[in-house]
Amino acid sequence: MRWLILAAVLMLVSAWLVQWRARVAEAEAERSYPPEGQFLDVQGTRVHVLVKGTGPDLVLIHGASGNMRDFTFRMVDLLADRYRVIVFDRPGLGYTDRLGPEGSSIARQAALLQAAAAQLGAERPIVLGQSYGGAVALAWATGHPDTLCALVTVAAVSHPWPTGLPRFYKVTSHPLGQAVAVPLLTAFVPESYVQKAIEGVFAPQAEPPGYAAHIGAPLTLRRQSLRANADQRASLKKEVRDLVPHYPQIAVPTEILHGDADDTVNLTIHSVALAQAIPEAKLTVLEGTGHMPQHTDTDAVLSAIDRAATRAGLH
């Protein structure tokens, strides 16, 4: 009996130590990478947004496992001379509140960000989404068609794919994994793992100098963000399947960019099919480019935004 009591005490102490270490790691992440923008109260949800520049309104929506810093690294400053750039942290990531497992769908995220943009006076912005953020942008375009004037997708998820959910997301989206594995990840994931993940998402190209230091990856390793990211990723395939029948109704000017060396989101399954589904969409295939054209082919992305603005009659 004493051994059982001792084992129980050791388990409780271990669990407390993991949670304590996770809190320390989260506090350090937030000290190192504080909010860059302002906060809005949108339907009771705190939304973190940065607004910079003057000109036509342009909303930027980041991908999975990230935050607005993906765009503030370079793109916001490159666009702010001719657009009023509005860049959000998606729900549960960065400093925007988590919506919870039942409210984390791309449709719910699109509705929240659209309402946030409207609160800032952006009634019909250009909307750009990268990777998972591209799916949110498509949900915006199909669910709120009168609240944007043009659409730009960059390496966007748009269609169902043949493979299943990766093991990492199976674990971190499961209730037991969220209770046990997520705090362990927050507490003990080494910096080398984070760097390897960044290198993998940029492959076959290298990330720009200074990107890893700017992006704030430790913010994504917070418990809330890991859980939010996993919930979103676990339901994504079904959600984009439900979007597909609505693509032919997208009537705004649409620019689609995708690298032919993207091993994260397949060009043919997603952007080629998307270009075929949206009337008068323009597809630009970037030769030798991986999953992060906004950093590795920045001029091509900037040109696509400018084309979308011109097609929408903004320039």
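Here goes a summary of the coordinates provided. (Residues numbered from 1 in each chain as written. Predicted model: local features only at pLDDT ≥ 70, side-chain atom pairs only at ≥ 80, totals over all residues. Heavy atoms only, no water.)

### Section: the overall build of the protein
Test applied: Note on conventions: DSSP H or I runs of at least 4 residues are helices, E runs of at least 2 residues are strands, and numbering of each starts at the N terminus. A simple rule labels every residue: compare its accessible area, found with a 1.4 Å probe on the protein chains alone, to the largest value its type can have, and call it buried under 20%, exposed over 50%, or partly exposed in between. Working rule for contacts: check all heavy atoms of both residues, and any pair within 4.5 Å makes them a contact. Per-residue and other accessible areas were derived by the Shrake-Rupley procedure at a 1.4 Å probe size, with only the shown protein chains allowed to occlude residues. Working convention for charge: Lys and Arg count positive, Asp and Glu count negative, and His plus the chain ends are omitted. Here the site of a charge means atom NZ of a Lys, CZ of an Arg, CG of an Asp or CD of a Glu.
Along its length, the protein carries 15 helices and 8 strands. Of all 315 residues assigned to the protein, the portion counted as buried reaches 51%. Sequence separation of at least 24 residues holds for 79% of the intrachain contacts in the protein that already meet a minimum separation of 6. On the protein, roughly 13,800 Å² of surface is accessible, and the fraction owed to carbon and sulfur atoms is 59%. Counting 27 positive and 29 negative side-chain charges, the protein places the averaged centre of each group 8 Å from the other.

### A closer look at the nonpolar core
Counted only if it meets this: Among buried residues, the Ala, Val, Leu, Ile, Met, Phe, Trp, Tyr and Cys ones that are joined through side-chain atoms within 4.5 Å form a nonpolar core.
Judged by nonpolar contacts, the single largest core of 42 residues is most densely connected at Phe88, Ile106 and Trp140. For this core, the secondary-structure elements that each account for two or more residues are β1 (38-42), β2 (45-52), β3 (57-61), β4 (84-88), α4 (106-119), α5 (132-143), α12 (223-243) and α13 (268-277). For this core, the leading source of residues is α5, giving 8 residues. Among all residues touching isoleucine 106, those that are not within four sequence positions of it are Tyr132, Ala135, Val136, Ala139, Leu236, Glu239, Val240 and Leu243.

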